[in-house]
Amino acid sequence: MSPETSMRIRRGALIFTAVTLCAFLVYTATDSIRPGSFSSSSFVSILPSYLNYSSPPAPDSTLELEEILKNASTVNKTVILTTLNDAWASPGSIVDLFLKSFKLGDGIHKFLDHLVIVAMDQRAYNRCRIVHKHCYALVTKGVDFHQEADFMTPHYLKMMWRRIDFLRTVLELGYSFVFTDADIMWFRDPFPRFFPDADFQIACDNFLGRSDDMNNSPNGGFNYVKSNDRTIAFYKLWYSSREAYPESHDQDVLNKIKFDPIISNIGLKIRFLDTAYFGGLCEPSKDLNVVCTMHVNCCIGMDRKLIDLEIMLQDWRAFVSLPSDLKNQSIIFWRVPRNCSLDSVHHADIPEAGND
C-alpha cells in the first residue's frame, strides 16, 4: 500500500470517528431528558436551544456570586433573592418599603441576613450597598436596565428573561432559593406554609382551591425552588422556551409549558401557593392572622404601587397593635387596593409594570 493511500485511509477513519462521537454525544444528551416524550412541535422548537440555551457566565462573576450566596445562605444552602433596578432603588422608593416590611413583620427580621439583592444596573448596585449587606451586580452586556420597564416592551422582556437565566445559575451552584419581587411585603415566616415534597412552588394571581391544580394562575413574583437536577432542567426548558414564544414574558410562557409532557418526564413536582397565605391585589389574603406575604400585583405603575404599599404597611401596623382577643376577631381588613384601579385588580391577566 502506498503512503498516499494509507494517509487517505487514516484521514477517512478519523472523520468517521469524529462524526460517530458527535452523534453519540447528542444522543446521550437528549436521552437524559427522554426526548421521545416530546410532542413533535415541542421537540423541533425547544431542543436546539435547550442544548445550547445560553453562554456561561464569566468565571470571575461566578466566583463572586458563589461567595455572596455562601455568605447569605442558611445552613441548608437556601437564600432569599430579589432583583432591583434604579427605578425601584431610589430613596423612599419600593426597595425601602420592601426592607421595612421585614422589620415590621412577625419575627422575620432574621431573614434579612439571608437576602441577596440582585442589582440589574450600577445605580441600583450602589444604592444596595448603602441599605443592605448582600448585593450582587448582574450586568448584562449592551443592556441598561436602570429605567422602569413598561410592561411587555422589549426592555421589560429582556429583564424578565435575564432573571430566569440568573436563577438557573443559582440552582446550578447548589443553592435553593425563595425569589420575591421587591413589591411584595413580608409579614410572616413563609417556610411553614411551603410543601416539603415539592420542587417548585409558586404564588398565584388566582388560587382555585387545590395546590396541585395546574389551572391555577401562577405569578412569577414569588416562588420557592429547591436545587436539584429536576429544577435545573426545568429552568433550562423555561428559558429556552422564550424562543418558541418570542413575544411572551416568563409568566405567560410558564402558563404554556406547565402542561408539556416534559414536565412530568423530568419528574418535577409543582405546587401552587394559596392566596390565603401569599396574597396580592389580584386576590388579597382575607385574614391578617395567617398572611405571610402580600403582593402589589395587578397594578400598573410605580407611583400607584408606592401608595398602596404604604397603606398595606399601615394596615399591618394597626393589626399588630391590637390586643390578642381583637386580632382573633378579624376587625381589621386590607384597605388596598386604593390607588390601584379596581379594573386592574379584577383582571388578573394584567400584570404589573416594573420588575414584574
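Just so it is clear, the model here is predicted, and its values are computed rather than measured.

Q: An account of the sheet that holds strand β6 (residues 200–206) is requested, with residue identities and associated values reported.
A: Within the open sheet, the seven strands sit side by side as β3-β2-β1-β4-β7-β6-β8. Their pairing is mixed. Only two strands of the sheet have a single neighbouring strand rather than two, namely β3 (135–137) and β8 (270–272). Here the average twist between neighbouring strands, direction ignored, is 30°. Across three bridges, the pairing between β6 and β8 is parallel. In the strand pairing of β8, Phe200 is matched with Ile270. Against the sheet, helix α5 (residues 94–104) touches β1 (78–84), β2 (115–119) and β4 (176–180), its axis set at about 170° to β2. Of the strands in this sheet, β1, β2 and β3 touch helix α6 (residues 122–131), which is tilted by about 165° from β3.

Q: I'd like a rundown of the side chain of Thr293, residues and numbers included.
A: By the secondary structure assignment, Thr293 is in strand β10 (residues 293–295). Setting aside residues up to four positions removed in sequence, Thr293 forms contacts with Ile184, Met185, Trp186, Phe187, Phe222, Tyr277, Phe278 and Gly279.

Q: Describe the environment of Ser321, with residues and values.
A: As for its position among the elements, Ser321 is in the loop between α11 (302–320) and α12 (324–328). A distance of 2.8 Å separates the side chain of Ser321 from the backbone oxygen of Ala318, its partner in a polar contact.

Q: Any details on the packing of aromatic side chains? Residues and values, ideally.
A: Taken as a whole, this structure holds 23 aromatic pairs when the rule is applied. Judged by centre distance (6.1 Å) and plane angle (65°), the ring pair of Phe111 and Trp186 falls under edge-to-face. Residue Phe111 is found in the loop between α5 and β2, and its partner Trp186 is found in strand β5 (residues 184–186); the two are separated by 75 residues along the sequence. Looking at Trp186, the relative accessible area reads 0%, which means it is buried. Ring geometry for Phe200 versus Trp238: centroids 6.1 Å apart, planes at 90°, classification edge-to-face.

Q: Tell me about α11, residues and numbers included.
A: Here α11 spans 27 Å end to end across 19 residues, near enough to the 27 Å set by a 1.5 Å rise per residue. Those residues of α11 that fall on the buried side of the exposure criterion are Met302, Lys305, Leu306, Asp308, Leu309, Ile311, Met312, Leu313, Asp315, Trp316 and Phe319. Where α11 is buried, its residues touch α4 (86–89), α5, β5, β10 and α12.

Q: I'd like to hear about the packing of α5 against α11, residue by residue, with values.
A: Closest axis-to-axis distance for the α5/α11 pair is 10 Å, and the angle between their directions is 15°. For the element pair α5 / α11, the angle class is roughly parallel. When the axes of α5 and α11 are compared, the crossing they make is left-handed. Along its contact with α5, which presents Ile94, Leu97, Lys100, Ser101 and Leu104, the element α11 presents Met302, Lys305, Leu306, Leu309, Glu310, Leu313, Trp316 and Arg317.

Q: Explain unusual backbone geometry to me, using residue names and the numbers behind them.
A: Following Val336, the chain continues to Pro337 via a peptide bond in cis, the omega torsion being 5°. Turning to its location among the elements, Pro337 is positioned in the loop between α12 and α13 (342–345). In this structure, Lys77 takes a positive phi of about 60° despite not being glycine. Tracing the chain through its elements places Lys77 in the loop between α3 (59–72) and β1. Exposure remark for Lys77: the relative accessible area of 35% places this residue in the partly exposed category.

Q: Run through the nonpolar core, naming residues and quoting values.
A: In this structure, Phe98, Met185, Trp186, Phe187, Phe222, Met312 and Trp334 are the most contacted members of the largest nonpolar core, which totals 53 residues. Taken together, the elements giving at least two residues each to this core come down to β1, α4, α5, β2, α6, β5, β7 (217–225) and α11. The leading source of residues in this core is α11, at eight residues. With 44 residues, the next largest nonpolar core counts Met159, Met160, Phe179 and Tyr239 among its residues.

Q: Pulling in residues and values, what's your account of the pairing of β4?
A: Counting buried positions along β4 gives five out of five residues, so the element sits mostly inside the fold. Here β4 shows two buried faces, one formed by Ser176, Val178 and Thr180 and the other by Phe177 and Phe179.

About the thresholds
Residues numbered from 1 in each chain as written. Predicted model: local features only at pLDDT ≥ 70, side-chain atom pairs only at ≥ 80, totals over all residues. Heavy atoms only, no water. Pairing = 2+ DSSP bridges. Helix = DSSP H or I, 4+ residues; strand = E, 2+ residues; numbered from the N terminus. Axes fitted to C-alpha atoms, helices over the stretch in contact; angles between N-to-C directions. Contact = heavy atoms within 4.5 Å. Polar contact = N/O pair within 3.5 Å; in protein donor to acceptor, adjacent residues only side chain to side chain. Phe/Tyr/Trp six-rings, centres within 6.5 Å; stacked < 30°, edge-to-face > 60°. Buried < 20%, exposed > 50% of the residue type's maximum accessible area, 1.4 Å probe, protein only. Expected span 1.5 Å × (residues − 1). Parallel < 35°, antiparallel > 145°, perpendicular 65-115°, else oblique. Left-handed = near helix turned anticlockwise from the far one by under 90°. Core = buried A, V, L, I, M, F, W, Y, C linked by side-chain atoms within 4.5 Å.

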